[in-house]
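Fold and geometry: a report
Residues per chain, in single letters:
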Amino acid sequence: LSLTHQNVYSIPMLLLIGWRGEIGRKDEPQHLVMGNIMCDMLKLMQIPYDILPDYEEGIEYSIQTAAQYMRNNHGPYALLV
């Protein structure tokens, strides 16, 4: 991801991340460890993100937001699925 950073090569990249251990959902113990820190890790890496909603209009809005960010900022954007 460092190569995609705005201070290096500024490569827009859409990251689709399966969010195992999502906060508030029952999951396996090994998934809960990563699930609890997923958003904090993205923030630490300075990667903006959105949690993909489960309804069509919300999905469309999230994808448009991601595309606009990548177009304007030339960097990665994550969608948590």
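Structure: see above.
Residues numbered from 1 in each chain as written. Predicted model: local features only at pLDDT ≥ 70, side-chain atom pairs only at ≥ 80, totals over all residues. Heavy atoms only, no water.

The next point concerns helix H1 (residues 29–44). With 16 residues, H1 extends 24 Å between its outermost C-alpha atoms, agreeing within 8% with the 22 Å of an ideal straight helix rising 1.5 Å per residue. Within H1, the full set of buried residues consists of His31, Gly35, Met38, Cys39 and Leu42. Next to the buried residues of H1 lie strand S1 (13–17), strand S2 (49–51) and strand S3 (76–80). With its phi angle positive at about 60 degrees, Gln46 sits one or two positions after the end of H1. (Helix = DSSP H or I, 4+ residues; strand = E, 2+ residues; numbered from the N terminus. Expected span 1.5 Å × (residues − 1). Buried < 20%, exposed > 50% of the residue type's maximum accessible area, 1.4 Å probe, protein only. Contact = heavy atoms within 4.5 Å.)

A contiguous nonpolar patch, built from Leu1, Leu3, Val8, Tyr9, Ile11, Met13 and Met45 and spanning about 660 Å² of accessible area, is present on the exposed surface. One can find Met45 in the loop between H1 and S2. (Patch = residues over 30% accessible without salt bridge, like charges linked within 9 Å, V, L, I, M, F, W, Y side chains within 5 Å. Areas by Shrake-Rupley, 256 points an atom, 1.4 Å probe, with all protein chains shown as cover. Salt bridge = Lys/Arg side-chain N within 4 Å of Asp/Glu carboxyl O.)

Quick look at the sheet that holds S1 now. Pairing is parallel in the open sheet, where three strands are placed in the order S1-S3-S2. Unpaired on one side and paired on the other, S1 and S2 mark the two borders of the sheet. Pairs of neighbouring strands in the sheet enclose a mean axial angle of 20 degrees, with direction left out of account. Direction of pairing for S1 relative to S3: parallel, over a ladder of five bridges. By the bridge assignment, Leu16 is partnered in S3 with Leu79. Set on the sheet, H1 makes contact with S1, S2 and S3; between it and S3 the angle comes to about 175 degrees. Of the strands in this sheet, S1, S2 and S3 touch helix H2 (residues 56–73), which is tilted by about 165 degrees from S3. (Pairing = 2+ DSSP bridges. Axes fitted to C-alpha atoms, helices over the stretch in contact; angles between N-to-C directions.)

Bringing the environment of Ser10 into the picture now. Within the secondary structure layout, Ser10 lies in the segment before S1. In sequence terms Ser10 and His74 are 64 residues apart; their C-alpha atoms lie 5.0 Å from each other.

Let's shift gears to the pairing of S3. Among the five residues that make up S3, five are buried, leaving the element largely enclosed by the rest of the structure. Where burial is concerned, the two faces of S3 agree: the one with Pro76, Ala78 and Leu80 and the one with Tyr77 and Leu79 are both buried. Pairing of S2 with S3, which is carried by three bridges, proceeds in the parallel orientation. Counterpart to Ile51 in the pairing with S3 is Leu80.

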